[in-house]
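# What the coordinates show
Single-letter residue listing:
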Amino acid sequence: MKFRIVNFVCLLILGLLFIFCWQKEFSFWLLLIPIFFWLIITSISAFEIRFNYFLNAYNRSNNKVEKVITLTFDDGPTEFTPRILDILEQNNAKATFFCIGKQIENFPKILIKAHQSGHIIGNHTFHHSPKNGFYSADKIIDEIESTNALIESLINKKTALFRPPFGVTNPHIAKAINSTKHKVIGWSVRSLDTVIEDENKLFLRIKKQIKPGCIVLMHDTSERTANVLEQLFVFLQEENYKVIPLNDLLKIEAYEN
Ligand SMILES: [Zn+2]
């Protein structure tokens, strides 16, 4: 893992500098330099799943030529999910829904409908807490396994896919994944559809990032996303892009056998 290498290199530099400082060749203030770099690299990487810093996530297809992409929706199911399902059906597209346990409890029928319509169901923790990044590995395992059990009770399948809330990764999450053996799915196109309110701006932001093999991250949590999704399908058709399921794009299994 990259973070182990960076830890090792920073500790090595720190050790060497300490020896030099001890021999009064340099000031002890110099020791702050590797500590500062370690802090910067570690904190930026915790928020950027695409760096594959703490764990290996699937962020896009290796095939960067074929005009195929996949769509993913996080944080549902919600009252907005049925319209997203209708738009996907009208466009004959299969997507992946990374669902939150407590939302599934609120909308179990919508989760079943998404599954029966041929979409993939992924795990997005039970509570999607902003504190998820501070949880112990055991607590994260509990978040993942309780959600997996709930999904299985409704669709009779064990999802093998996990997306960490907010895309935040750290050594505890890496340890939890090592135990649950989920495949971690990141993204290459972040729509920011929960932040950008202007539908036109949102559509343009997604459109300019579309490339062969990309994984698009959206949220089935607003009318806005559904409206932009309709526009996106028009664009994809004009540009001859095909929307394919995530497991086909990445050539992986979405469920445990
Ligand atoms: Zn989320």
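Residues numbered from 1 in each chain as written. Predicted model: local features only at pLDDT ≥ 70, side-chain atom pairs only at ≥ 80, totals over all residues. Heavy atoms only, no water.

## Some details on the UniProt feature "transmembrane region" (unreviewed entry) in the protein chain
UniProt's feature table lists "transmembrane region" (unreviewed entry) at residues 33-55, given in the numbering used throughout. Here residues 33-55 is 61% helix and 0% strand, with 26 Å between the C-alpha atoms at its ends. (UniProt positions renumbered as here; feature names shortened; annotations may be inferred. Helix = DSSP H or I, 4+ residues; strand = E, 2+ residues; numbered from the N terminus.)

## Here we look at the coordination of the zinc ion
Looking at the zinc ion, one finds its protein donor set to be Asp75 (OD), His124 (NE2) and His128 (NE2), positioned 2.1 Å from the metal centre. Donor residues binding the zinc ion come from one chain and are separated in sequence as D-x48-H-x3-H. Placement of Asp75 in strand E2 (residues 68-76) and of His128 in the loop between strand E4 (120-123) and helix H6 (137-155) is noted, with a sequence separation of 53 residues between them. Each member of the pair Asp75 and His128 is classed as buried. (Donors = N, O, S within 2.8 Å, 3.2 Å for Na, K, Ca; no water. Buried < 20%, exposed > 50% of the residue type's maximum accessible area, 1.4 Å probe, protein only.)

## Describing helix H7 (residues 171-180)
Among all positions in H7, only Ile173, Ala174, Ala176, Ile177 and Thr180 are buried. The buried residues of H7 occupy an angular sector of 160° when the element is viewed end-on, so they sit on one face. Exposed and oriented more than 90 degrees from the buried face of H7 are Lys175 and Asn178. Tucked into the core, H7 has its buried residues touching H6, strand E5 (161-162) and strand E6 (183-185). The distance from a side-chain oxygen at the start of H7 to the backbone nitrogen of His172 is 2.9 Å, and the residue carrying that oxygen is Asn170. Once H7 ends, the next one or two residues include Lys181, with phi positive near 65°. (Arc of directions from axis to C-beta. Contact = heavy atoms within 4.5 Å. Polar contact = N/O pair within 3.5 Å; in protein donor to acceptor, adjacent residues only side chain to side chain.)

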